[in-house]
Amino acid sequence: MYNKEFDSQHLATFHQWCEDACHIVLLSHMNADGDACGSLLGMTLQLDQVATKAATITPILPNGCPRNFLWLPQAERILSGEKQLALCQERIAEADLIICLDFNCASRIDFLQDDLRNAKARKILVDHHHNPAEQEFQLIFSDPDISSTSEYVVWLTQTLWGCKFFNCDVARCLYTGLRTDTGGFAFSCSQPSCFEAAALLVAYDINPADIHNHIVNTFTINRMRFYGFAISQRLQVYPTQHVALFAFSLEDQRRFGVGGEDMEGLVNYTLMMSDIHTGALLREEEGRTKVSLRSKSKDVNSLAQQLGGGGHTKAAGATCMMSFEETLLRVQQLLGVQGLQPIDNNTLTA
Ligand code: 5GP
Ligand code: MN
């Protein structure tokens, strides 16, 4: 069971707002991961059953559902801000209720942020990041100690509606978010509630092995070769400082025909080395550089904040409007390896 109590007044308000609403929009963040897609759809599919028949329920992601999560139940319903901008803006403007999942401030939905801020709708946040932007939402459900937003949706909706709207599709979505945000129940899962939520979902006849295949065993040959290239040619290792980082220019990405989605999870490879405590991955985009930070113990959220980003203690990120080269220098400086020589990629150490 979830080890905290929801505020009964907040629950009542959530319940009432869902019942009152005619046009509900659900939003999650740019470059959606499994938790963003899973919590978005897990909540959407329950609201389908809660809301009145006439209500419209629209899940939106700024740059759409990533290819590797299109197998999720009803993923095809998710509107893409990039591909259907006018429609998304219209739905956000017309909504009387907006539920934001798995992000803590409007800037995380990138070019849709002003649409969210200017929307007349009631706005609810359901999230597990630190420091939610309190002025941007009227009702906040936030628990930074919980494994994932998907787990939070399990407990919140169970408390609200007593599992009445759980079914196999809802369970597949929420289990996917729980599984991906914990790296397959490897981290952020030290509380029993995480496994209890998983057990509750598995009881709805989902197939964890099938979900694992959909999430993990998805590489194209290009992506496979790119990983080989990344580890042999683009991994900077600083053993004395216990730091390792990947850095990929646009040219590297073009050469292998890969993009951001193909790098999901690659940053974790830095931590697979026993002596490495902190890892980073930099990826050049047009006009900006995306930074991912991971650690075994150190707080990388505070480092990400210094780059204008944020996240969790052991997994954080930022989108830097500086050049790739400048961002690399800045990250090296934050990790205490600026000016140092990484181990030669062609050298084997004992
Ligand atoms: P990832 O490295 O997988 O992209 O993101 C890890 C975590 O860092 C995410 O769960 C999210 O909380 C945070 N994060 C990633 N990118 C950004 C960003 O551009 N801005 C902010 N504020 N947080 C980010
Ligand atoms: Mn999450």
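To be clear, the structure that these remarks concern was listed above.
Residues numbered from 1 in each chain as written. Chains lettered and ligands numbered in written order. Predicted model: local features only at pLDDT ≥ 70, side-chain atom pairs only at ≥ 80, totals over all residues. Heavy atoms only, no water.

Caption draft 1: Broad picture of the pairing of strand S6 (residues 139-142). The alternating pattern of S6 places Leu139 and Phe141 on a buried face, while none of Ile140 and Ser142, on the opposite face, is buried. As paired strands, strand S5 (residues 122-127) and S6 are joined by 4 bridges and run parallel to one another. Paired with Val126 across the two strands is Phe141, which belongs to S6. (Buried < 20%, exposed > 50% of the residue type's maximum accessible area, 1.4 Å probe, protein only. Helix = DSSP H or I, 4+ residues; strand = E, 2+ residues; numbered from the N terminus. Pairing = 2+ DSSP bridges.)

Caption draft 2: Broad picture of the side chain of Asp252. Residue position: Asp252 is located in helix H10 (residues 250-256). Residues in contact with Asp252, not counting those within four places in the same chain, are Phe229, Arg234 and Ala247. (Contact = heavy atoms within 4.5 Å.)

Caption draft 3: Fine view of the coordination of the manganese ion (ligand 2). Protein ligation of the manganese ion (ligand 2) involves Asp35 (OD), Asp102 (OD), His128 (NE2) and Asp181 (OD), the donor distances falling in the range 2.2 to 2.4 Å. One chain supplies every donor to the manganese ion (ligand 2), and in sequence these donors are spaced D-x66-D-x25-H-x52-D. Residue Asp102 is found in the loop between strand S4 (97-101) and helix H4 (113-118), and its partner His128 is found in the loop between S5 and S6; the two are separated by 26 residues along the sequence. In this structure, Asp102 and His128 share a single accessibility class: buried. (Donors = N, O, S within 2.8 Å, 3.2 Å for Na, K, Ca; no water.)

Caption draft 4: Geometry of the pattern of salt bridges. A full pass over the atoms with the stated rule returns 13 salt bridges. Across the salt bridge formed by Asp110 and Arg288, the nearest N and O atoms sit 3.3 Å from each other. Remark: Arg288 occurs in strand S10 (residues 288-295) and Asp110 occurs in the loop between S4 and H4; sequence separation between them is 178 residues. Overall, the relative accessible area of 22% leaves Asp110 in the partly exposed class. The salt bridge partner of Glu285 is Arg283, with a shortest N-O separation of 2.7 Å. Residue Glu285 shares its accessibility class with Arg283, and that shared class is buried. Each member of the salt-bridge network shares a partner with another, and the members are Asp110, Arg283, Glu285 and Arg288. (Salt bridge = Lys/Arg side-chain N within 4 Å of Asp/Glu carboxyl O.)

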